[in-house]
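# Fold and contact review
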Amino acid sequence: MADMVEFAKMNGLGNKILVVDMRGRKDKVTPEAAIALAADPMTAFDQIMAIHDPKVEGTDAWIDIINCDGTLAQACGNGTRCVVQALSAETGRKTFTFQTVAGILNAIEHEDGLISVDMGKPVFEWNRIPLSEEFHDTSRIELQIGPIDAPILHSPSVASMGNPHAIFWVDRDPMDYELERFGPLLENHPMFPEKANITLAQVTAKDTLRTRTWERGAGLTLACGSAACAAGVSAARTGRTGRKVTIDVASSPSRQPLIIEWREHNDRVVMTGPAEWEWSGRLDPATGAFGRDPVGETGAQAS
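Scope of this entry: the structure provided in the associated data block.

Procedures and definitions
Residues numbered from 1 in each chain as written. Predicted model: local features only at pLDDT ≥ 70, side-chain atom pairs only at ≥ 80, totals over all residues. Heavy atoms only, no water. Buried < 20%, exposed > 50% of the residue type's maximum accessible area, 1.4 Å probe, protein only. Helix = DSSP H or I, 4+ residues; strand = E, 2+ residues; numbered from the N terminus. Pairing = 2+ DSSP bridges. Salt bridge = Lys/Arg side-chain N within 4 Å of Asp/Glu carboxyl O. Disulfide = S-S within 2.5 Å. Contact = heavy atoms within 4.5 Å.

Moving on, we get to the pairing of strand S14 (residues 208-215). Of all the eight residues making up S14, seven are buried; the element is thus mostly covered by neighbouring parts of the structure. Examined bridge by bridge, strand S13 (residues 197-205) and S14 share seven bridges and lie antiparallel to one another. From the neighbouring strand, Val203 faces S14, where its bridge partner is Leu209. Connecting the antiparallel pair S13 and S14 is a turn made up of two residues. As defined by bridge partners, S14 adjoins strand S16 (residues 244-249) across four bridges and the pair is classed as parallel. Opposite Leu209, over in S16, you have Ile247 as the bridge partner. When S14 meets strand S15 (residues 219-220), the two strands line up antiparallel, connected through two bridges. From the neighbouring strand, Glu215 faces S15, where its bridge partner is Gly219.

This is the structure:
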């Protein structure tokens, strides 16, 4: 039991998250453990949010973000909200500052339970997203799938929100498209040397979008917070909406929306939405072996 750590099974709009408490330890959640946990129906997840001791003064924790295929991710907005809810329940605090490979994230839990995360500044330069070809205008690049004279998807907006995103604008419900078929092809397209998150976005009003995402390293996901940020920013950038949008995540089992605000005064993107605790347990970060807490017992991440 000495090697076991506490974790919580959570979700953000259906985005399946494991929040793992690695504080006080020097080891990490291994790719092998992540793959094993993802393969078990009880712990199947989109991202692991592994909370480590802070590396720099003024931050509350370092967070490793791990995809279900064992690879590392740079950003996960839905997962960050889950971390905030878990730590808020543990400590009674409402504001937090985290460090990830993508930079510093500030977050706050509001009185109504919704959580806002400052996701940082969007990146539009082609070589920083990155793309494999030079585009001076990344609000619309040359990329399509389907017949050349009648493509099914084409001309995406691309951006980085700590990880690469391609937003394909569609004129009907994103659920009508076979994203499970196109997603793997586009994620691994040579245009994206570090692969990419692929989102279908439909503008439903001047301040609302409906989206669905194929997530890099995770596949067809119920929700993706950084993709919602990229879609909101890209919609504003292309004149489809203003700088604050409500996003209906089409694939999410929750009907709660995400609010994305691209602030003009500092260029930062703030995402607001819910998080939900499901159950807690203990796991071995080396192997992925786990046990669930008895009903009524919660670990430190979900007390």
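With that out of the way, let us pick up the pattern of salt bridges. The final tally for this structure, using the stated rule, is 17 salt bridges. A salt bridge links Asp64 to Lys28; its shortest N-O distance comes to 2.7 Å. Here Asp64 is found in strand S4 (residues 61-67), whereas its partner Lys28 is found in the loop between strand S2 (15-21) and helix H1 (31-39), with 36 residues between them in sequence. Relative accessible area serves as the criterion here: at 9%, Asp64 is assigned to the buried category. Under the relative-accessibility criterion, Lys28 is labelled partly exposed at 44%. Arg181 is the salt-bridge partner of Glu178, the closest N and O atoms lying 2.8 Å from each other. Through salt bridges with shared partners, one network takes in Asp173, Arg210, Asp248 and Arg255.

Here the bond from Ile129 into Pro130 is cis, since omega is -5°, no more than 30 degrees from zero. In this model, Ser155 sits at a positive phi of 50°, which is unusual for a non-glycine residue. Not every positive phi belongs to a glycine, and Asp267 is a case in point at roughly 70°. Looking at the secondary structure, you find Asp267 in the loop between strand S17 (258-262) and strand S18 (269-273).

For the structure on display, the rule yields zero disulfides. Free of any disulfide, Cys68 has its nearest neighbouring cysteine sulfur in Cys76, separated by 11 Å. Counting only cysteine sulfurs, Cys224 is the nearest neighbor of Cys76, a cysteine outside any disulfide, at a range of 6.7 Å. By relative accessible area, Cys76 is classed as buried at 3%.

The subject of this paragraph is the environment of Leu179. Looking at the secondary structure, you find Leu179 in helix H3 (residues 179-187). Overall, Leu179 belongs to the buried group, its relative accessible area being 0%. With 99 residues separating them along the chain, Leu179 and Thr80 place their C-alpha atoms 25 Å apart. Setting aside its immediate chain neighbours within four residues, Leu179 contacts Pro184, Ile198, Leu200, Arg212, Thr213, Trp214 and Leu220.

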